[in-house]
Amino acid sequence: MDFNHSGLLSLRTVNWQSEQNRRSILASLVKGVYVLENDRQHKRQACQALAPAWWKSFNFQLSRVLTDESDSSIFGAVYKLTPNSNNFYPIGAPRYVIAFRGTMLNKCNIIQDGKLNLKILTNKLHNTGRLEKALQAVENMVSEKGACNFWLAGHSLGAAIAMLSGKTMAKEGIFLESYLYNPPFIAAPMESIKGKKVKRVIFGARSLFTEGSTFSLNGEKEKQQSKDLFTTLSLWVPNMFLNPSDPICSGYIRYFDKRETIESSGFEGIEMFEIQNSSEWLLSNDFGNDYCSEELHLIPSARVTTSRTPIQQAHNLSQWFTNYSVSEPKVYSYE
């Protein structure tokens, strides 16, 4: 919580054209939202507040906060970059950033944050007031400031909010620079099942309980809708920061690697169906929801950076502050 012990003091001279600098600064802005909420709970104001150092150290100012009406908690913040003399903005820097925090495990936040995490598990996050408020802020920023002038960032639950906001804009042809730290991925249960025949039996059994199965005409339409959505979203390339030891986000690493293998080999059919559908898709569709709802994992392209910090810190935002054990990014593109 104390900026002075975060390791970010090493960024005395910021180069916004450096991917490492951008990663660290955006993570700091997300951390600022966590500390803003902590300051609110402990009634720390003015010189006692701990949050301002997380953005002022990089020449940002707090423009507004986003509050969840259910528990009055601060879940997001809009930052504005303060230009240097002569109104000069550094090359490669955003003018605004909207950042979202993740889950806070204290008595003030755990109930509402826990409910939202359950919404992720059942693919319902897009039907929440927090997502609605976040998306409204994003849309207003696009309208007022222009899409090229601001970036999105979030950690964990906040990364899921940023992802859905970014995907919504991408469907409209607006591709926002996005930084997603440890975004939640619900791995498909089919992943552990070996053999095409067994998988075909399982998918066939599902058709006994659902109207649109993989092998029905409606299923073919759904598969085409999924492919079309992939194509529409493919030009949006969010920056994703993942740790293979983090069970919350590591599914994305397997997802991209396996999809890359399948696409390069030219396989289709049951293998691609498995890749494009994780367990939250299976849950949402088996219980009668619309197919083209917001499947959280449906990301065609991404620039993926991984960290090898120990499992005890695998989900921590702090692992992205410095360059320790952090890889160079790898780009996955959907063709």
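Residues numbered from 1 in each chain as written. Predicted model: local features only at pLDDT ≥ 70, side-chain atom pairs only at ≥ 80, totals over all residues. Heavy atoms only, no water.

Taking an unreviewed UniProt entry as the reference, the protein chain is identified by name as Fungal lipase-type domain-containing protein belonging to Papaver nudicaule.

*Asks:* Before we go on, may I ask you to explain the overall build of the protein chain in this structure?
*Replies:* Looking only at helices and strands, the protein chain has 10 helices and eight strands in total. A burial count over the protein chain gives 51% of its 335 residues as buried. Contacts in the protein chain between residues far apart in sequence, at least 24 positions, make up 71% of those at least 6 positions apart. When the accessible surface of the protein chain is split by element, carbon and sulfur atoms take 52% of a total near 15800 Å². (Helix = DSSP H or I, 4+ residues; strand = E, 2+ residues; numbered from the N terminus. Buried < 20%, exposed > 50% of the residue type's maximum accessible area, 1.4 Å probe, protein only. Contact = heavy atoms within 4.5 Å. Areas by Shrake-Rupley, 256 points an atom, 1.4 Å probe, with all protein chains shown as cover.)

*Asks:* Can you walk me through the environment of Thr 322 in this structure?
*Replies:* On the secondary structure map, Thr 322 appears in the loop between β7 (302-306) and β8 (330-332). Look at Thr 322 and you get partly exposed, because its relative accessible area is 29%. Remark: the alpha-carbon pair of Thr 322 and Gly 7, spanning 315 residues in sequence, is separated by 6.5 Å. Those residues in contact with Thr 322, other than ones at most four positions away along the chain, are Ser 6, Gly 7, Arg 23 and Ser 24.

*Asks:* Explain the side chain of Asn 239 here, please?
*Replies:* Position of Asn 239 among the secondary structure elements: in strand β6 (residues 239-242). Given the relative accessible area of 5%, Asn 239 is considered buried. Here the side chain of Asn 239 touches Glu 177 through a polar contact of 3.3 Å, side chain to side chain. Apart from residues no more than four positions distant in its own chain, Asn 239 is found in contact with Glu 177, Ser 178, Tyr 179, Leu 180 and Arg 303. (Polar contact = N/O pair within 3.5 Å; in protein donor to acceptor, adjacent residues only side chain to side chain.)

*Asks:* Honestly, the pairing of β7 in this entry has me stumped. Any pointers?
*Replies:* Along any regular strand the residues' side chains alternate between the sheet's two faces. In this structure, β6 lies alongside β7, joined through four bridges in parallel fashion. Within β7, the residue paired with Phe 241 across the bridge is Thr 305. (Pairing = 2+ DSSP bridges.)

*Asks:* I tried to follow helix α5 (residues 157-170) on my own but got confused; where do I start?
*Replies:* Side chains that are three or four residues apart share a direction in an α-helix, a result of its 3.6 residues per turn. With 14 residues, α5 extends 20 Å from end C-alpha to end C-alpha; this agrees with the ideal 20 Å at 1.5 Å per step. The buried count for α5 comes to 14 of 14 residues, which makes it a mostly enclosed element. (Expected span 1.5 Å × (residues − 1).)

*Asks:* I tried to follow the sheet that holds strand β3 (residues 96-100) on my own but got confused; where do I start?
*Replies:* Backbone-to-backbone hydrogen bonds pair the strands of a sheet. The strands run either parallel or antiparallel. Read from one edge of the open sheet, eight strands run β1-β2-β3-β4-β5-β6-β7-β8, paired in mixed fashion. The open sheet is flanked by β1 (60-67) and β8, the only strands paired with a single partner. Neighbour to neighbour, the strand axes of the sheet diverge by 20 degrees on average, direction disregarded. Taken strand by strand, helix α1 (residues 19-41) contacts β1, β2 (74-81), β3, β4 (150-155), β5 (177-181), β6 and β7, and its axis lies near 130 degrees from that of β2. With respect to the sheet, α5 is in contact with β3, β4, β5 and β6, its orientation differing from that of β4 by roughly 145 degrees. (Axes fitted to C-alpha atoms, helices over the stretch in contact; angles between N-to-C directions.)

*Asks:* I tried to follow the side chain of Gln 112 on my own but got confused; where do I start?
*Replies:* Structurally, the position occupied by Gln 112 is in helix α3 (residues 110-121). The class for Gln 112 is buried, based on a relative accessible area of 13%. Within polar-contact distance, the side chain of Gln 112 engages the side chain of Asp 68 at 3.3 Å. Dropping the residues within four chain positions of it, Gln 112 is found in contact with Asp 68, Ser 70, Asp 71 and Arg 130.

*Asks:* Which parts of the structure should I look at to understand the packing of aromatic side chains?
*Replies:* Using the criterion set out here, one finds 19 aromatic pairs in the structure. A centroid spacing of 5.4 Å and a plane angle of 45 degrees characterise the contact between Trp 55 and Tyr 79, whose relative ring orientation is tilted. Pair noted here: Trp 55 is in helix α2 (residues 53-56) and Tyr 79 is in strand β2, with a separation of 24 residues, a long-range link. The pair formed by Trp 55 and Tyr 79 is uniform in burial state, with each residue classed as buried. The interplanar angle of 70 degrees and the centroid separation of 6.5 Å between the aromatic rings of Phe 60 and Tyr 79 together place this pair among those described as edge-to-face. Placement of the pair is Phe 60 in strand β1 and Tyr 79 in strand β2, with a sequence separation of 19 residues. (Phe/Tyr/Trp six-rings, centres within 6.5 Å; stacked < 30°, edge-to-face > 60°.)

*Asks:* Looking at this structure, I do not really get the pattern of salt bridges. What am I missing?
*Replies:* Note on pairing: side chains with opposite charge can pair once their charged atoms come close. Summed over the entire model, instances satisfying the criterion amount to six salt bridges. In this structure, the salt-bridge partner of Arg 130 is Asp 68, at a minimum N-O distance of 2.8 Å. Taken as a pair, Arg 130 in helix α4 (residues 129-145) and Asp 68 in the loop between β1 and β2 lie far apart in primary sequence, 62 residues in all. The buried category is assigned to Arg 130, whose relative accessible area is 3%. Under the relative-accessibility criterion, Asp 68 is labelled buried at 4%. Taking the shortest distance from any N to any O, the salt bridge between Arg 130 and Asp 113 comes out at 3.1 Å. A residue pair is termed long-range when its members are at least 10 positions apart, and Arg 130 in helix α4 and Asp 113 in helix α3 qualify at 17 residues. Bridged by salt links that share partners, the residues Asp 68, Arg 101, Asp 113 and Arg 130 form one connected network. (Salt bridge = Lys/Arg side-chain N within 4 Å of Asp/Glu carboxyl O.)

*Asks:* How should I be thinking about the nonpolar core in this particular structure?
*Replies:* Counting residues in each nonpolar core, the largest one holds 48 residues, and the members touching the most others are Ile 98, Phe 100, Phe 150, Met 240, Tyr 252 and Phe 256. For this core, the element with the most residues is α5, which contributes nine residues. Counting 36 residues, the second-largest nonpolar core is a separate cluster that includes Leu 11, Ala 27, Ile 74 and Tyr 179. (Core = buried A, V, L, I, M, F, W, Y, C linked by side-chain atoms within 4.5 Å.)

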